[in-house]
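Coordinate analysis (summary)
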Amino acid sequence: MKVFLIAGARPNFMKIAPIYRQALKHSYVQCKIVHTGQHYDYEMSEAFFEDLELPKPDFFLSAGSGSHAVQTAKIMVTFEELCQKEKPDLIIVVGDVNSTLACSVVAKKLLIEVAHVEAGLRSFDLTMPEEINRMVTDAISDYFFVTEESATANLIQEGKSKARIHFVGNVMIDNLFYQVDKLAVDIPEHFQTSKIKGKLGDYAFLTLHRPSNVDTRSGFCEITEALNTIADKLPILFPVHPRTKKMMDEFDLHLSKNIFIFSPLAFKESLFLWKDAKVVLTDSGGLQEETTAIGIPCVTIRENTERPITIKMGTNILAGTKKESILRAFEEAVSRPVSQFKVPPKWDGKAAERIWKILLKKQVRQD
Ligand code: UD1
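Because the structure is predicted, anything quoted here is derived from the model rather than measured. (Residues numbered from 1 in each chain as written. Predicted model: local features only at pLDDT ≥ 70, side-chain atom pairs only at ≥ 80, totals over all residues. Heavy atoms only, no water.)

**Side note on the overall build of the protein chain**
Secondary structure summary: the protein chain contains 16 helices and 13 strands in total. The C-alpha radius of gyration of the protein chain comes to 20 Å, within 12% of the 21 Å expected for a compact globule of 367 residues. Taking the principal axes of the C-alpha coordinates as reference, the protein chain spans close to 65 × 45 × 45 Å. Counting only residues that meet the buried cut, the protein chain has 59% of its 367 residues in that class. At a minimum sequence separation of 6, the contacts of the protein chain that also span at least 24 residues come to 70%. Positive and negative charge centroids in the protein chain, built from 46 and 47 side chains respectively, lie 4 Å apart. (Helix = DSSP H or I, 4+ residues; strand = E, 2+ residues; numbered from the N terminus. Rg over C-alpha atoms; globule rule 2.2 N^0.38 Å. Buried < 20%, exposed > 50% of the residue type's maximum accessible area, 1.4 Å probe, protein only. Contact = heavy atoms within 4.5 Å. Lys, Arg positive; Asp, Glu negative; His and termini not counted. Charge placed at Lys NZ, Arg CZ, Asp CG, Glu CD.)

**Re the side chain of Gln38**
Topologically, Gln38 is positioned in the loop between β2 (30-35) and α2 (46-51). On the basis of relative accessible area, Gln38 is assigned to the buried category, the value being 9%. Among the polar contacts made by the side chain of Gln38, one reaches the side chain of Ser99 at a distance of 2.7 Å. Those residues in contact with Gln38, other than ones at most four positions away along the chain, are Gly8, Ala9, Ala63, Gly64, Gln71, Val97, Asn98 and Ser99. (Polar contact = N/O pair within 3.5 Å; in protein donor to acceptor, adjacent residues only side chain to side chain.)

**With respect to the layout of surface pockets**
Within this model, the largest pocket holds a volume of roughly 1,200 Å³. Considering the residues around the largest pocket, the lining is formed by 50 residues, among which Pro11, His39, Met44, His209 and His241 are closest to the centre. Where the lining of the largest pocket is concerned, the elements lending two or more residues are α1 (10-23), α3 (68-86), α5 (129-140), β8 (204-207), β9 (236-239), α11 (242-251), α12 (267-274) and α13 (285-294). Taken together, the residues of the lining of the largest pocket break down into 22 nonpolar, 16 polar and twelve charged. Put simply, the second largest pocket is a space of about 280 Å³. Residue lining of the second largest pocket: 17 residues in total, with Asp125, Ser212, Asn213, Glu303 and Thr321 positioned closest to the centre. Looking at the lining of the second largest pocket, the elements that each hand over two or more residues are α5, α9 (211-214) and α10 (217-233). Looking at which element gives the most residues to the lining of the second largest pocket, the answer is α9, with three residues. (1 Å grid on protein atoms, 1.4 Å probe; cavity = no way out; pocket = protein on both sides within 12 Å on 5 of 7 lines; lining within 4 Å. Points joined across faces, edges and corners; volume = space filled by probe spheres on them. Nonpolar A, V, L, I, M, F, W, Y, C, P; charged D, E, K, R; others polar.)

**Some words on the sheet that holds strand β6 (residues 143-146)**
Spatially, the seven strands line up as an open sheet ordered β3-β2-β1-β4-β5-β6-β7, and their pairing is parallel. Each edge of the open sheet is held by one strand with a lone partner, namely β3 (59-60) and β7 (165-167). Alignment of β6 against β7, held across three bridges, turns out to be parallel. Of the residues in β7, the one forming a bridge with Val146 is Phe167. Sheet strands in contact with helix α4 (residues 98-109) are β1 (2-7), β4 (90-94) and β5 (113-117), and its direction is about 160° off that of β4. (Pairing = 2+ DSSP bridges. Axes fitted to C-alpha atoms, helices over the stretch in contact; angles between N-to-C directions.)

**Brief notes about the sheet that holds strand β12 (residues 298-300)**
Ordered in space as β10-β9-β8-β11-β12-β13, the six strands form an open sheet in which the pairing is parallel. Every interior strand has two partners, whereas the edge strands, β10 (259-262) and β13 (316-318), have only one. Across the sheet, the axes of successive neighbouring strands diverge by a mean angle of 20°, strand direction being ignored. Where β12 and β13 come together, three bridges link them in parallel fashion.

**Points about the pairing of β5**
Most of β5 sits out of view: five of its five residues are buried. Covered by surrounding structure in β5 are Glu113, Ala115 and Val117 together with Val114 and His116, the residues of both alternating faces. Here β4 pairs with β5 via five bridges, running parallel. Among the inter-strand pairings, Leu90 is bridged to a residue of β5, identified as Glu113. At this point the chain moves from β4, through α4, to the parallel β5, and the crossover so formed is right-handed. Of the pairings in the sheet, the one linking β5 to β6 comprises three bridges and is parallel in character. (Right-handed = clockwise from strand over helix to strand, strands pointing away.)

**A short note on the pattern of salt bridges**
Applying the stated criterion to the full structure yields 23 salt bridges. As a salt-bridge pair, Lys182 and Glu53 come within 2.8 Å of each other at their nearest N and O atoms. On the criterion of sequence distance, the pair formed by Lys182 in helix α7 (residues 171-185) and Glu53 in the loop between α2 and β3 is long-range, its members being 129 residues apart. Judged by its relative accessible area of 37%, Glu53 is partly exposed. Here Asp138 and Arg122 are joined by a salt bridge, their closest N and O atoms 3.0 Å apart. Here Asp138 is found in helix α5, whereas its partner Arg122 is found in the loop between β5 and α5, with 16 residues between them in sequence. Taken individually, Asp138 and Arg122 each receive the classification buried, so the pair is uniform in this respect. (Salt bridge = Lys/Arg side-chain N within 4 Å of Asp/Glu carboxyl O.)

**Observations concerning the site of the ligand**
Neighbouring the ligand are 19 residues; Gln38, His39, Asp41, Glu130 and His209 lie closest to it. His39 places a side-chain nitrogen or oxygen 2.8 Å from an oxygen atom of the ligand. Calculation on the ligand without its partners gives an accessible area of 740 Å², and the protein chains cover 87% of this total. Of the pockets mapped on this structure, the ligand occupies the largest pocket. (Near = heavy atom within 4 Å. Areas by Shrake-Rupley, 256 points an atom, 1.4 Å probe, with all protein chains shown as cover. Sits in = over half its atoms within 2 Å of the grid points.)

The structure is reproduced here in structure tokens:
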């Protein structure tokens, strides 16, 4: 069984790592990693492959940056050529980035089966490019591997057959537990942030990169004001995404001196910081889930979330994007009793194992 495992952008890499590791346990499976090249900087890509113990990709498509249409089209053209040459039986796509959409559409038109990991999540906000990517991918996928019950409900609402929906847990959390265990025995010497972490005591950890938050001056200024106010009470550690850096320079934004800025951090160093933070401030999808899995309060700087389970479990608070609402959410997050936090069902580190069990059972039946 020849399987292509697709990854393109930073949040994909931690999701494919446990799927790849589990694939190696099955001699019947020939699993090849296809990197579309959507993210290409060392810090956004290669550093993750090293940290996550992934081998070099079998195929690299060099898509690079561009408008959504340009980037998606470049991936589609090169991926189609690759599929025609290599003829995989199945492709596995993860998450909701442009590479997810591009590769699933190409494969399906070539009559190759598509498995979508993290299917069914919905923000119901069509101004988010990721929402369009999720909906299109789910419209044509053969296997839906879901992380939370809301996703199952969304897929059924959209008319998908129950037989194709599999609640397997969360591969992102498989990877998280694997890496937390590694950090418990060995903290790499090269971490540039070790000193500052040791010096600060309590701190917040921040990530911010959504176009809706950083691409307009007024929106980004409003969020910056909230962050500067929070930084008066609690220092903030902030690895800055390339998009965010570009916009900060363009808008000439000034951050408090109590906000410590870094280049994008690879997976392990980022985890090393946020796992001990008093609170995480973020607009990322993945961090909402990862903080929930290990019980760290999270303030989500967005108007909506496609991951409502994180709110239900008590760890995540949807803060909106206005200064006052962010400050209110921050105060609530730091005062919530950690003992009341819960962990979602099946977020137990075994999602990838369940995925392969299902894929192999069906494939063997077809043969
Ligand atoms: C993409 C995903 C988003 C994900 C995010 C994580 C889509 C639609 N968006 O958004 O869901 O949360 O990745 O990072 O797929 N750039 C670099 N180096 C790189 C990559 C990008 O400098 O390695 C710069 C480019 O100038 C580019 C900008 O960052 O214009 C944004 O990159 P892009 O891949 O378009 O989108 P992201 O904002 O990273």
